[in-house]
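Breakdown of the fold
Each chain, letter by letter, is given below.
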Amino acid sequence: MHKKRIAFDYWVYESMEQLPPPELQLMDAAIKSRQNAYAPYSGFRVGAAVLLDNGEIVIGNNQENASYPSGLCAERVAVFQSGARFPGVPIRAIAISAASERQKVDKPAAPCGNCRQAIAEYELRQEGGIAVLMMGETGAVHKCTSLADLLPFAFGPSYLE
Ligand code: THU
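In what follows, the accompanying structure is described. Because the structure is predicted, anything quoted here is derived from the model rather than measured.

1. A few points about the pattern of salt bridges
Per the counting criterion, the structure on display carries four salt bridges. Between Glu23 and Lys143 there is a salt bridge whose closest N-O contact spans 3.1 Å. Here Glu23 is found in helix H1 (residues 21-34), whereas its partner Lys143 is found in strand E6 (residues 141-144), with 120 residues between them in sequence. A salt bridge links Lys32 to Asp28; the shortest N-O distance between them is 3.1 Å. With Lys32 and Asp28 both in helix H1, this residue pair falls four residues apart, about one helical turn. Judged by its relative accessible area of 33%, Asp28 is partly exposed.

Put into structure tokens, the structure is as follows:
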């Protein structure tokens, strides 16, 4: 028996203005795409923007439904749209921003477990990590360089071989 440890590095930018220009542009797209969220039930609006290897930016926002589980998170709307429109083009980064009608979201919004699972499969299919940039409505941005950092022990296609 032996003990193992999982650790990873992530970056904290005190504000989005500290981001390098391409990532600032991506976060800007995520913030803008929040405006078109359909979130009448939660009042929690999320925007996501995916940067592809070909330079395209593909956006998404959460789309809720009166039958709650039928709605979809912003991150999956964005990555599924990128897979549909640009199949096989690697994803380099995803930026996420969230704001709520109920409270000021000043801490970085982390992708939910289902979105981590969905993004992980895109990362597995390509060469190179998908950086994840997370932000609330205001405040710091957290950045990790690979989705795998956020989903240790991920379930994946190797179990199905
Ligand atoms: N939501 C996202 O869009 N992304 C996440 O990672 C977490 C949650 C949405 C789903 C739902 O519309 C609302 O936020 C409240 O859970």
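More follows now that the structure is in view.
2. With respect to helix H2 (residues 74-85)
Relative to the 16 Å expected for 12 residues at 1.5 Å per residue, H2 spans 16 Å between its end C-alpha atoms, a close match to the ideal helical length. Buried within H2 are the following residues: Ala74, Glu75, Arg76, Ala78, Val79 and Ser82. Here the buried face of H2 lies against strand E2 (44-52), strand E3 (57-61), strand E4 (91-100) and helix H3 (113-125).

About the cut-offs
Residues numbered from 1 in each chain as written. Predicted model: local features only at pLDDT ≥ 70, side-chain atom pairs only at ≥ 80, totals over all residues. Heavy atoms only, no water. Salt bridge = Lys/Arg side-chain N within 4 Å of Asp/Glu carboxyl O. Helix = DSSP H or I, 4+ residues; strand = E, 2+ residues; numbered from the N terminus. Buried < 20%, exposed > 50% of the residue type's maximum accessible area, 1.4 Å probe, protein only. Expected span 1.5 Å × (residues − 1). Contact = heavy atoms within 4.5 Å.

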